[in-house]
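Examining the three-dimensional arrangement
Single-letter residue listing:
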Amino acid sequence: MLTTTLQQLQHLRLDDGRTVSCTSPAEARMLWNEMATDGYYRRAAAHLRAGDLVLDIGANIGLSTMMFADTCPDIQVIAAEPAPVTFDCLERNVAAHAPRAVAHRVAVAAAPGVASFTWYPRASANSGLYADREADDAATATYLRNSGLNDEAVALITAGLHDGEQIDVEVTTVSAILDDFDPKAEIGLLKIDVERAELDVLHGISDADWPRIRAVVAEVHDRDSHLAQFRDLVSRHGLSVQIRQDPSLGGTELYEVYAVRTGGR
């Protein structure tokens, strides 16, 4: 049974006056601040065009969907998030702040079905199909130290942060989503943030659908050469790849990837 009920949902007032539903105001604040930085997500958003379809895979509570819609209001967004409590926040937030977005309670991977998903009530953005408590603790600790916190503060924040709950979630693929939505739509952006399942998402895209994708932006965990595999797969389908690591994540396996179709802007 999920420990966070709908009655326990919290709210965060953003600097622009809007209020969002969340499971942790501190986490939501951190995620929203990341959207304000000049990273690849914002760079990708700047190239969206009116009428584009955006797939937000691993949408969490919808802050990236909101940022995309803020940047280009005339886009359509399909936001996928499997965890029930997180999805409830997503559904509320897009209804209030991104009305052209559609929330889907589903995980996205290589093949449809049902899978075991680890949900972290206190760190929802780190939840996933391949959650690794030890690695997630270590990455969070490194991020906090890089941000200037001492070991005592790091230990206090990370204690129990990744106590997880196992739930079964429905799984679909990118191509299945496109077939259901619009078999001919151009995808202005495929955003992927799925905590070590990034390659699975790519493997769920049919060869026929790749030419429809103009850009990909993703957080990739470089474990077992996944970053190189991700880069090579996207490159084989005609996208030019850039890779960076935010200084706050130095020493972790986390990287940002931004790939744009050759000849696109």
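Residues numbered from 1 in each chain as written. Predicted model: local features only at pLDDT ≥ 70, side-chain atom pairs only at ≥ 80, totals over all residues. Heavy atoms only, no water.

Right, let's get into the pairing of strand 1 (residues 10-13). Both strand 1 and strand 2 (residues 19-22) contribute to a ladder of 4 bridges, which runs antiparallel. By the bridge assignment, Leu-12 is partnered in strand 2 with Val-20. (Pairing = 2+ DSSP bridges. Helix = DSSP H or I, 4+ residues; strand = E, 2+ residues; numbered from the N terminus.)

The next point concerns the sheet that holds strand 3 (residues 53-57). Taken in spatial order, the 7 strands make up an open sheet running 5-4-3-9-10-12-11, and their pairing is mixed. Of all strands in the sheet, those bounded by a partner on one side alone are strand 5 (101-104) and strand 11 (239-244). Strand after strand, the sheet turns through a mean of 15° between neighbouring axes, direction not considered. As paired strands, strand 3 and strand 4 (residues 76-80) are joined by 5 bridges and run parallel to one another. Following the sheet pairing, Leu-55 is matched in strand 4 by Ile-78. Where helix 3 (residues 63-71) meets the sheet, it contacts strand 3, strand 4, strand 5 and strand 9 (187-192), and its direction lies at approximately 160° from that of strand 3. Running at roughly 140° to strand 3, helix 7 (residues 174-181) makes contact with strand 3, strand 4 and strand 9 of the sheet. (Axes fitted to C-alpha atoms, helices over the stretch in contact; angles between N-to-C directions. Contact = heavy atoms within 4.5 Å.)

As a further point, take the packing of helix 1 (residues 25-36) against helix 3. Relative orientation of the contacting elements helix 1 and helix 3 amounts to 30°, with a least axis distance of 10 Å. In this view, helix 1 runs roughly parallel relative to helix 3, as classed from their interaxial angle. Here helix 1 and helix 3 pass one another in a crossing that is right-handed. Side by side, helix 1 and helix 3 meet where Ala-28, Leu-31, Trp-32 and Met-35 of the first sit next to Leu-63, Ser-64, Met-66, Met-67 and Asp-70 of the second. Along the lines of polarity and charge, the residues of the contact of helix 1 with helix 3 split into 7 nonpolar, 1 polar and 1 charged. (Parallel < 35°, antiparallel > 145°, perpendicular 65-115°, else oblique. Left-handed = near helix turned anticlockwise from the far one by under 90°. Nonpolar A, V, L, I, M, F, W, Y, C, P; charged D, E, K, R; others polar.)

Phi angles above zero are rare outside glycine, and Glu-195 is one such case at about 50°. Tracing the backbone shows Glu-195 in the loop between strand 9 and helix 8 (198-203). Take Glu-195: its relative accessible area is 5%, and that puts it in the buried class. Positive phi values are uncommon outside glycine, yet Arg-196 reaches one of about 85°. With respect to the element layout, Arg-196 can be found in the loop between strand 9 and helix 8. (Buried < 20%, exposed > 50% of the residue type's maximum accessible area, 1.4 Å probe, protein only.)

Another aspect to go through is the packing of aromatic side chains. Both the distance between ring centres and the angle between the ring planes are used here to describe each pair of aromatic rings. A full pass over the atoms with the stated rule returns 1 aromatic pair. Between Tyr-40 and Tyr-258, the ring centres sit 5.9 Å apart and the planes meet at 40°, which makes this aromatic pair tilted. Within this pair, whereas Tyr-40 is found in helix 2 (residues 40-45), its partner Tyr-258 is found in strand 12 (residues 254-261), the two being separated by 218 residues in sequence. In this pair, the class of Tyr-40 matches that of Tyr-258, namely buried. Here the guanidinium or amino end of Arg-244 rests over the ring plane of Tyr-40, the centre of that ring lying 5.7 Å away. (Phe/Tyr/Trp six-rings, centres within 6.5 Å; stacked < 30°, edge-to-face > 60°. Lys NZ or Arg CZ within 6 Å of the ring centre and 35° of its normal.)

Our next topic: the sheet that holds strand 6 (residues 107-108). Whether parallel or antiparallel, the strands of a sheet pair through hydrogen bonds between backbone atoms. Taken together, the 3 strands give an open sheet; going across it, the order is 6-8-7, and neighbouring strands pair in mixed fashion. Of all the strands in the sheet, the pair left with one neighbour each is strand 6 and strand 7 (113-119). Two elements, strand 6 and strand 8 (residues 165-172), share 2 bridges in a ladder whose sense is parallel. Bridge assignment links Val-108 to a residue of strand 8, and that residue is Thr-172.

Bringing a nonpolar patch on the surface into the picture now. Taken together, Leu-149, Leu-156 and Ile-157 make up a surface patch of nonpolar side chains, about 270 Å² in accessible area. In this fold, Leu-156 is placed in helix 6 (residues 151-158). For Leu-156, a relative accessible area of 68% gives the class exposed. (Patch = residues over 30% accessible without salt bridge, like charges linked within 9 Å, V, L, I, M, F, W, Y side chains within 5 Å. Areas by Shrake-Rupley, 256 points an atom, 1.4 Å probe, with all protein chains shown as cover. Salt bridge = Lys/Arg side-chain N within 4 Å of Asp/Glu carboxyl O.)

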